Amino acid sequence: MNNQNLVKRVALFCAIGTIPLAVSSRLCNFDPPVMGWSSWNTYRVNISESLIKKQADAMVSLGLKDAGYLYINIDDGFFGYRDDEGMLHTHPERFPNGMKVVADYIHSLGLKAGIYSEAGSNTCGSIWDDDKNGIGVGLYGFERQDADLFFNKWGFDFIKIDYCGAGQQLELEEEERYTYIVDAIREVSRHNISLNICRWAYPGTWVRNLARSWRISGDISPRWESIKHIISKNMYLSAFAGEGHYNDMDMLEVGRGLKPEEDVTHFGMWCMMSSPLLIGCDLTSISEPAMKLLTNPELIAINQDPLGLQAYIVQHEGGGYVFVKDVEHKRGTVRAVALYNPTDTVCPFNVPLSAIELEGKCRLRDIVNRKDVAPVDKSICFDVPAHGVRIFRVEGKKRVEPCIYEAEHAFLNDFDDLAKRKRSVAFMPFESASGGMTVTNLGGHKDNYALWDEVYSENGGIYKMTLYYVPSEKGRGGIREPSVNDRRIEVSVNGNMFVIKQLESDRSTGVNKVEIPVELHKGYNVVKIGSRLTFTPDIDCFTLIPDEK
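We now turn to the structure provided with this report. As the structure is a prediction and not an experimental result, all values here were calculated from the model.

Some thoughts on the packing of helix H8 (residues 143-153) against helix H10 (residues 174-188)
Phase 1: Where H8 meets H10, the axes come as close as 9 Å, and the angle between the chain directions of the two elements is 50°. Considering the angle they form, H8 stands oblique to H10. The element H8 and its partner H10 pack so that their crossing is right-handed. Facing Glu143, Arg144, Ala147, Asp148, Phe151 and Asn152 of H8, the residues of H10 in contact are Arg177, Tyr180, Ile181, Ala184, Ile185, Glu187 and Val188.

Observations regarding the pattern of salt bridges
Phase 1: Using the criterion set out here, one finds 36 salt bridges in the structure.
Phase 2: The salt bridge involving Glu328 is made with Arg393; its shortest N-O contact spans 3.1 Å. Taken together, the positions of Glu328 in the loop between strand E12 (320-326) and strand E13 (334-341) and Arg393 in strand E19 (residues 388-395) put the pair 65 residues apart, joining distant regions of the chain.
Phase 3: The class for Arg393 is partly exposed, based on a relative accessible area of 26%.
Phase 4: Three or more residues joined by partner-sharing salt bridges are found here, namely Asp326, Arg331, Arg335, Glu357 and Arg399.

Some remarks on the packing of aromatic side chains
Phase 1: Inspection of every chain in the model, using the stated rule, returns 21 aromatic pairs.
Phase 2: Relative to Phe415, the ring of Tyr202 has its centre 5.7 Å away and its plane inclined at 15°; by these criteria the two rings are stacked. In this pair, Tyr202 sits in the loop between strand E7 (194-197) and strand E8 (213-215) while Phe415 sits in the loop between strand E22 (411-412) and strand E23 (426-429), placing the two residues 213 residues apart along the sequence. Comparing Tyr202 with Phe415, the two get one shared label, buried.
Phase 3: Pairing Tyr236 with Phe427 gives two aromatic rings, centres 5.5 Å apart and planes at 40°, and the pair type is tilted. Here the residue Tyr236 occupies a position in the loop between helix H11 (224-234) and strand E9 (246-248), and Phe427 occupies one in strand E23, the gap between them amounting to 191 residues.
Phase 4: On the basis of relative accessible area, Tyr236 is assigned to the buried category, the value being 8%.
Phase 5: Put simply, the rings of Phe78, Phe79, Tyr116, Phe150, Phe151, Trp154 and Phe156 pair up and form one aromatic cluster.

Some points on the sheet that holds E13
Phase 1: Ordered in space as E11-E12-E13-E19-E16-E17, the six strands form an open sheet in which the pairing is antiparallel. Looking at the sheet topology across the chains shown, the edges are occupied by strand E11 (312-317) and strand E17 (371-376). Between one strand axis and the next, the sheet turns by 25° as a mean value, whatever way the strands run.
Phase 2: Bridging between E11 and E12 involves five bridges; their strand directions are antiparallel. Of the residues in E12, the one forming a bridge with Glu317 is Gly320.

Quick word on empty space enclosed by the protein
Phase 1: According to the stated counting rule, one finds two cavities of 30 Å³ or more in the structure shown.
Phase 2: Of the volumes computed, that of the largest cavity is approximately 140 Å³.
Phase 3: Around the largest cavity, the lining comprises 16 residues; the ones closest to its centre are Phe158, Lys160, Asn196, Met251 and Leu278.
Phase 4: Broken down by secondary-structure element, the contributors of at least two residues to the lining of the largest cavity are strand E5 (112-118), strand E6 (158-162) and E8.
Phase 5: Taken together, the residues of the lining of the largest cavity sort by class into seven nonpolar, four polar and five charged.
Phase 6: Empty space within the second largest cavity amounts to approximately 70 Å³.
Phase 7: Looking at the second largest cavity, it is lined by eleven residues, and the ones nearest its centre are Ile313, Gln315, His316, Glu408 and Gly435.
Phase 8: When residues of the lining of the second largest cavity are assigned to their parent elements, the largest contribution, four residues, is made by E11.

Rules of the game
Residues numbered from 1 in each chain as written. Predicted model: local features only at pLDDT ≥ 70, side-chain atom pairs only at ≥ 80, totals over all residues. Heavy atoms only, no water. Axes fitted to C-alpha atoms, helices over the stretch in contact; angles between N-to-C directions. Helix = DSSP H or I, 4+ residues; strand = E, 2+ residues; numbered from the N terminus. Parallel < 35°, antiparallel > 145°, perpendicular 65-115°, else oblique. Left-handed = near helix turned anticlockwise from the far one by under 90°. Contact = heavy atoms within 4.5 Å. Salt bridge = Lys/Arg side-chain N within 4 Å of Asp/Glu carboxyl O. Buried < 20%, exposed > 50% of the residue type's maximum accessible area, 1.4 Å probe, protein only. Phe/Tyr/Trp six-rings, centres within 6.5 Å; stacked < 30°, edge-to-face > 60°. Pairing = 2+ DSSP bridges. 1 Å grid on protein atoms, 1.4 Å probe; cavity = no way out; pocket = protein on both sides within 12 Å on 5 of 7 lines; lining within 4 Å. Points joined across faces, edges and corners; volume = space filled by probe spheres on them. Nonpolar A, V, L, I, M, F, W, Y, C, P; charged D, E, K, R; others polar.

Have a look at this one:
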């Protein structure tokens, strides 16, 4: 089903009105994504005390500190060795005065200091950069001792914990390993440490209890295909971020060889998707265009917005994607909107205001170029060049009650991106689905469900829920399907359960639908979809239309 057509169809039935003041004025304040600089992209393990101090000096002198960049993060390459008592020492040539001196210098500039370690024994630099000093210096077996050293004795404020030695060599279990490390850090050090888990894929919903941010992809590189790939990896992960926790799209490659429009897309989408902003270029030779982009206060404000939300997709037409998120006030009349074109040709966008839940004449502010553009009252229409993005602050007259809830926007309780299980819940493209995407392999047990916990109703009451699904493909991934058609869907609305058993089983029929009456409370409601005893078909989306009877 075409997403834009579905938006237009259901918009005719949606109840439209202003949002109550008590809701629209509710302002949440969460710790924003980390902003700073990191050594890895440019220098890898080839770092030193003098190099780090020069980057910290440049952070201040260039005005980056004033723009919000506060962290100087020392990545792999500072390690020396462990002595016979297991005490960790720094590299005698690279950091002859030790790490406390470096951390103290960073702090003296009013900045915060970040450090690196490995969940296993051997660092990524020892494996991939042939850095012999990275062998045996990881956290494995020395968790509390190293935590005391890093945070109490040296005084660091941030740590990135990699997984090369733990994963590629020792094949340790991620949740168990990281939980043990974080428990050790919390036990022996102060509790305001900003912690980043670097597993190169979304590791699972458990990560939110351990870290402020977590990597969702492999290492970035200064190539368009890398930027495009990382954005695609984060497109449907908005439900797993929020409330001071963020999907980390890796360090910034701005100023390291991308085309100018690609730099803008790179930084702009990192801001829209609330990724940490860690500059990766040499600050002592940064170009003027890169500086102008990295210090754009309006883009930074989108990233550092106190709501702490990640943008999500509301329209996918042709090769283009429309991302949106609330800024300033939850369910207010101001939203950030990005028109993202990952293709190699110009992409035209026509975005109905109903798709971004606004109505009336809307003011548009181009926040990349920092200028107002002509207001609109029906749709937002722009052509976006190849590899480009247009990002707007859109302020409408009224906020529209949402009608469509996509499966790919839900919190998937059993989701991870590690691909260790043959049949795990996952995102599954389907061309005629709303937005071209479905969620597959829900169900099988009570914990494998999709959750929408902000299903909004202006006044509450009886609604018609239409659930769109696609019969599952048999034999997917080499898994032999049972001979019986036992698929079903269990829908819970505020704890009230509906069981749907009579479902189409022929995938060639495409997108199918079922309708059920549900009652919504005024304000936010919780919808959960799964199947405790068997699997569901692939879920596309559901719509909610007030019952006019």
